[in-house]
Structures are given as C-alpha cells and as structure tokens.
Amino acid sequence: MKLLLQPTPLPQAVARFDRKTPVASVLGSAEWADMPVELRESSLWSAGVTYGRFLTGSQEQLSKAIGLRREAVENGEAVVDRSSFIGTMAALVRGGYSMGELTPVEPSLRGTLRDIGSRARLGLIYDMQVRKALGYSRWKMDQNPTSLNLYPAQRLTRLRPSKIPRDWDLIWQDAGEAVGWEGASQDGMVALKTSPIWVEISEFGVPWPPFRYGSGMGLVDVPRNRAEDLGLIESGERLTPEDGAFTDGLEADTDSMSPAAVAQILEAFGDQVELIGTVLRWVSGRAAA
C-alpha cells in the first residue's frame, strides 16, 4: 500500500528554518551548489541577491507560512500563504527601489526570474522553501525507529507535472552507480530510506525532496515485505535512524577542503562568514545591512 501522506511542518522544521542565517551574495545557484552543504543548508539565500532586507523579510514571512502562524491584517488575522507572501515581498522590493536601497532591474528582465520583485521569482522562493520544510518534516518523521522499520524503503515517483521533465531513470542509474547501489534497487527507483542514493540524486545535498529546482518528483512509502522482496533488507534486519544527520550542522569543517577553496569562501562572503580554527560558520545579522 502506498502512503501519500502530506505532512504538516514539524516544530523541528520551523525551528530549523528559523536558525538559518540570511546571507547576501552575488553568487548564482550554480556557485552556491559548490558551497559546503553545511553552510548552504544553514543559510537563507537567493541567487544573486545582495539586498539584506529582502532576505530578512523573506525569512520572517516564510517562517510564519511554514509554521502556519497567523498575522494581523486589515480585517483581522490570516495565515501567510503563497499569495500574501508574494504581495508582501513585492511591496518590500518596491520600497527598496523608492528608497534607493535597491537598483531596479533592466526593463527587459522585469517579470522574469531575474527580477526579485516578480511573481515568478517570489513564487519560486516560496514554493522551494515550503517544499523543503515539508520534505524535511517527512524525513524527520521517517527516522522514527518504528516507522523506519515498518516502511524501510521509499519510491521516487512523479507527483505533479513539470514544465521541462528530466530523465529521472537516467539520473537514478547514474546515482546508483555512484553509490554502488547501496540500499537501492536498479529497477523502479526504490531504495531504503537510509540509502546514500537520496543525497546523490539531490542538487542540494540532502536526502529529502525537492531534489531539483522545479521538480515534480516526490516519495511514497514502500512497506517492509516489498523491500524484502526487492532484496533491500533482510527479514528481521533493523535499520538505524539517521535523524542526527542533516539537522544540526550550522558550520563546516575545512579539514577536507583545499586552502584555495576556503580562501574563495572567505572572499565571496566577507564579514558574513568567519573561520575559527578549521571551522567556517556564518556571522548572524551581517546580511541585514
């Protein structure tokens, strides 16, 4: 039986989002992808955005949306949703233009993803952050020992259409070969919830969806008997939860990084990041200027 549960965000997911440090930077998505996952996951950033007020405002609104918290409006209270987030943040961007804090985009880019005040860009930010919080919530619940061993595996499946569908069969095969098919089946895109293949297919270095920008792929549970039939787990075998990973890392150890890579990070982020011994970590509040 497939479980199509859509979890509401756990308190841990809200707290995890609130701990993120807004980081202003000219870096694009591809350059951010090269950053250590600990720094990337512990920051709130948007490609090419150097306007600190936009990032801190986004975090405030998204925190309310993810936590389903109500805020005061003209006629009472309302939950922050996609529409209200877009309206609030578009107004903030317009204010930044009028006060000279933000340089307007070129006319040819207005309304596109390059325009941080456009519905397209703001909708993408909202969708990605909320989906990440929901994905983390599901992953966190799946790490419960009872749940993990009743439904030890999951299947990657299409939940909604995408404008430009990817070849997920090929992505799965490449990822499986990269991890030696550890805990993963070569057929049907099924793997144990503890398999490294989930991190391998992700552009973001975490084992929960969304795995790619604009992806319509999601997960459904696979029960133990089916996982055993696929040879992914032995009868009586117990999986060990991984709920300590991908959760509390707010800093990156540079031991495995080259001096050039560390220097590049320090140069790219200036006083928003600090190196203490071999540890890189964000400096809270520096992006708000």
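Quick summary incoming for the structure in this document. (Residues numbered from 1 in each chain as written. Predicted model: local features only at pLDDT ≥ 70, side-chain atom pairs only at ≥ 80, totals over all residues. Heavy atoms only, no water.)

Here's the deal with the sheet that holds strand β7 (residues 217–222)
Then comes step 1: Spatial strand order, β6-β5-β7: three strands in an open sheet with antiparallel pairing. At either margin of the open sheet sits one strand with a lone partner, and together these are β6 (190–192) and β7. Neighbour-to-neighbour, the strand axes of this sheet turn through a mean angle of 35 degrees, independent of strand direction.
Then comes step 2: Summarising the sheet, strand β5 (residues 153–158) and β6 pair through three bridges and their orientation is antiparallel. Across the sheet, A153 pairs through a bridge with L192, a residue of β6.
Then comes step 3: Contacting β5 and β7, helix α6 (residues 119–142) crosses the sheet at an angle of about 15 degrees to β7. (Pairing = 2+ DSSP bridges. Helix = DSSP H or I, 4+ residues; strand = E, 2+ residues; numbered from the N terminus. Axes fitted to C-alpha atoms, helices over the stretch in contact; angles between N-to-C directions. Contact = heavy atoms within 4.5 Å.)

Considering the sheet that holds strand β9 (residues 273–276)
Then comes step 1: Spatial strand order, β8-β10-β9: three strands in an open sheet with antiparallel pairing. Strand pairing shows two members of the sheet lacking a second neighbour, β8 (251–253) and β9, which therefore form its edges. Ignoring strand direction, the axes of neighbouring strands in this sheet form an average angle of 20 degrees.
Then comes step 2: Strands in contact with helix α11 (residues 259–269) are β9 and β10 (279–282); relative to β9, the strand with the most contacts, it is inclined by about 145 degrees.

A look at α6
Then comes step 1: With 24 residues, α6 extends 34 Å from end C-alpha to end C-alpha; this agrees with the ideal 34 Å at 1.5 Å per step.
Then comes step 2: In terms of burial, α6 is a largely internal element, 18 of the 24 residues being buried. (Expected span 1.5 Å × (residues − 1). Buried < 20%, exposed > 50% of the residue type's maximum accessible area, 1.4 Å probe, protein only.)

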